[in-house]
Amino acid sequence: MRRIIGVVALLSIFASCKGSAQESKKESFEITKTDAEWKAQLTEEQYYVLRLEGTERPNSSPLNNVKEAGTFHCAACDTPLFKTKDKFDSGTGWPSFDKGIEGNIAYSTDRKLGYTRIEEHCATCGGHLGHVFNDGPKETTGKRHCINGDALVFVPESK
């Protein structure tokens, strides 16, 4: 009986602990919608990336090959996030940029993989975009914004 009580007590301690990996984002954004509204608006892949903070398969995005002048917008709210002139081939399989459009990207800390990464979100709707790393082109910013193509919509400059 003591053993059972000890196990129950131990389990209740662990169940009540809230580690950093369980932190929930409490930020507020200009555009907010219910989960059902996001699901109705976005494709399954966009919802997975933007709302569930998922990651698309590498080399799966047609946006990897876009070189035409234009702007990459948030697929959830149409906020302009990145310009083609700041895009580069990182060899990672995801669209990569050396900088974003200032003020349109929000940053947070991600510890889901057991180490700290800088996570990027749309500053308007909070949609998950990807992560930023310090291994980008040294001749520009040194940053690599590694972005899920499913989080973006490309708008050519000519439109």
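Refer to the structure above for everything that follows.
Here the structure is a predicted model, which means the values were calculated and not measured.

Peer 1: So what about the sheet that holds strand β7 (residues 128-133)? Which residues, and what values?
Peer 2: Pairing is antiparallel in the open sheet, where six strands are placed in the order β3-β4-β8-β7-β6-β5. Two strands lie at the open edges of the sheet, namely β3 (87-88) and β5 (105-110), each paired on one side alone. Taken together, the two bridges between β3 and strand β4 (residues 96-97) define a ladder with antiparallel strand orientation. Bridge assignment links Phe-88 to a residue of β4, and that residue is Ser-96.

Peer 1: Tell me about the packing of aromatic side chains, and name the residues and values.
Peer 2: Tallied over the entire structure, the rule returns three aromatic pairs. Centre to centre, the rings of Phe-72 and Phe-97 are 5.1 Å apart; their planes meet at 70 degrees, and the pair counts as edge-to-face. You can see Phe-72 sitting in strand β1 (residues 70-74) and its partner Phe-97 sitting in strand β4, a full 25 residues away along the chain. Relative to Phe-97, the ring of Phe-82 lies with its centre 4.3 Å away and its plane at 20 degrees, an arrangement referred to as stacked. Within this pair, whereas Phe-82 is found in strand β2 (residues 80-83), its partner Phe-97 is found in strand β4, the two being separated by 15 residues in sequence. Considered together, Phe-82 and Phe-97 belong to a single accessibility category, that of buried residues. Joined through ring pairs, the aromatic side chains of Phe-72, Phe-82, Phe-97 and Phe-154 make up one cluster. Here the basic side chain of Lys-33 rests over the ring of Trp-38, its NZ or CZ set 5.1 Å away from the ring centre.

Peer 1: Quick rundown of the nonpolar core? Include the residues and the values.
Peer 2: Counting residues in hydrophobic clusters, the biggest one holds 23 residues, and the most contacted among them are Leu-50, Phe-72, Cys-74, Leu-81, Phe-82 and Leu-152. Where this core is concerned, the elements lending two or more residues are α3 (44-50), β1, β2 and β9 (152-156). The dominant element in this core, judged by the number of residues it contributes, is α3, at three residues. Once residues lying within four places of it in the same chain are set aside, the contact partners of Leu-50 are Leu-42, Cys-74, Ala-75, Ala-76, Gly-126, Gly-127, His-128, Leu-129, Asp-150 and Ala-151.

Reading the values: rules and limits
Residues numbered from 1 in each chain as written. Predicted model: local features only at pLDDT ≥ 70, side-chain atom pairs only at ≥ 80, totals over all residues. Heavy atoms only, no water. Pairing = 2+ DSSP bridges. Helix = DSSP H or I, 4+ residues; strand = E, 2+ residues; numbered from the N terminus. Phe/Tyr/Trp six-rings, centres within 6.5 Å; stacked < 30°, edge-to-face > 60°. Buried < 20%, exposed > 50% of the residue type's maximum accessible area, 1.4 Å probe, protein only. Lys NZ or Arg CZ within 6 Å of the ring centre and 35° of its normal. Core = buried A, V, L, I, M, F, W, Y, C linked by side-chain atoms within 4.5 Å. Contact = heavy atoms within 4.5 Å.

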